[in-house]
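# Results of the structural survey
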Amino acid sequence: QLGPAYLAWFSSRGPTEDGRIKPDLLAPGSFLLSAGARPSMIGECDGSEIPSAGGKRDGLLSMEGTSMSTPVVSGSAALVRQYFEEGWHINGEKNEAEGINPSAALIKATLINGAQTSLIKGIDIEGGQVTKTEAYDGNIGFGIIQLATSVYVKGNTNVQIKIWDREVIDDGDALTYQVTIDRSNGCVFESLSATLVWFERGASMGCTRCLINDLDLTITRDGDVNRTIYYPNGLDRPDNLNTVERVVVNNVFDGETFSLRVRATNLDE
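Throughout what follows, the structure given in this document is the object of discussion.

Criteria and thresholds
Residues numbered from 1 in each chain as written. Predicted model: local features only at pLDDT ≥ 70, side-chain atom pairs only at ≥ 80, totals over all residues. Heavy atoms only, no water. Helix = DSSP H or I, 4+ residues; strand = E, 2+ residues; numbered from the N terminus. Buried < 20%, exposed > 50% of the residue type's maximum accessible area, 1.4 Å probe, protein only. Contact = heavy atoms within 4.5 Å. Core = buried A, V, L, I, M, F, W, Y, C linked by side-chain atoms within 4.5 Å. Pairing = 2+ DSSP bridges. Patch = residues over 30% accessible without salt bridge, like charges linked within 9 Å, V, L, I, M, F, W, Y side chains within 5 Å. Areas by Shrake-Rupley, 256 points an atom, 1.4 Å probe, with all protein chains shown as cover. Salt bridge = Lys/Arg side-chain N within 4 Å of Asp/Glu carboxyl O.

### Looking at the overall build of the protein
The helix and strand inventory of the protein stands at two helices and 12 strands. Taken over the C-alpha atoms alone, the protein extends approximately 65 × 45 × 35 Å along its principal axes. The buried share of the protein, reckoned over its 269 residues, is 38%. Sequence separation of 24 or more characterises 69% of the internal contacts of the protein that already satisfy a separation of 6 or more.

### Quick look at the nonpolar core
Residues Leu25, Val80 and Phe142 are the most contacted members of the largest nonpolar core, which totals 20 residues. Among the secondary structure elements, those contributing two or more residues to this core are helix H1 (66–85) and helix H2 (104–114). Here this core gets six residues from one element, more than from any other, and that element is H2. Every residue in contact with Phe142, bar those within four places of it in the chain, is listed here: Ile21, Pro23, Asp24, Ile112, Ala115, Gln116, Thr117, Tyr136, Asn233, Val244 and Arg246. If you look at the next biggest cluster of nonpolar residues, it comprises 19 residues, including Leu196, Leu211, Ile219 and Leu260.

### Topic: the sheet that holds strand E1 (residues 6–8)
Within a sheet, neighbouring strands are paired by backbone hydrogen bonds and run either parallel or antiparallel to one another. Reading across from one edge, E1-E5-E6 is the order of the three strands in this open sheet, with mixed pairing throughout. One side of each edge strand has no neighbouring strand; the edge strands of this open sheet are E1 and strand E6 (130–131).

### Some words on the sheet that holds strand E4 (residues 60–63)
Taken together, the three strands give an open sheet; going across it, the order is E2-E4-E3, and neighbouring strands pair in antiparallel fashion. Lying at the two open borders of the sheet, with one neighbouring strand each, are strand E2 (32–35) and strand E3 (56–57). Bridge analysis of E3 against E4 gives two bridges, and the strand direction is antiparallel. Paired with Lys56 across the strands is Leu61, a residue of E4.

### A few points about a nonpolar patch on the surface
A cluster of nonpolar side chains, namely Trp9, Phe10 and Ile125, defines an oily patch on the protein surface of about 280 Å² accessible area. On the secondary structure map, Phe10 appears in the loop between E1 and E2.

These results come straight from atomic positions and should not be treated as a statement about function.
What follows is the structure, encoded as structure tokens:
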């Protein structure tokens, strides 16, 4: 076991049969500690010693697998929901008067938007051997979950956020949103990250191209004489497979303005 910077050899892999990016997120899931209830005892508590990897001692249990990683993601999603309901997204402080009821798509987008691929050094295939990974591949997807780069809490995180939820768009139309980089209030993150998520009905069994509604997210830098277009998911073109599109623009500067464009290329419902 090389540590948390390496993907476990037994972790599930993607992509799907039609090429969609999977997994969406990574989370710690190798030899974590959790409660290990002992039904035969009443009032048991954590012992003074930590159990060995894969072991159990008193009220503690060490395990690995989705039984451990899934609660990390679920708990993070619950915190993100609370974050929006209590209005933290306005200025990084609790303000229940500004709270909203976030959609599931917004919660998913928030977690994926802040996920980091650079923190993963490779796949631990045991015996000290490591296989390389790349962003958006079938091993790490959008990266490991990181709340510190997903939400803004004044004085505690290094990003600021701007959200749009439950937006409506018609087939063939485009919506444009503007974001200006603001380094005040503790925003020191060097990249601009924008994520679009939508849900749709299940596709037909055995489909070879399973996307039903094709939306496309791109970013341009206002005033760029080269008119560079930044595309999602590590591509140099629009994505026509996924219902998650993340665009990352590196090395952004205070005061720069960017235009985020969502185009409804082909809507079927």
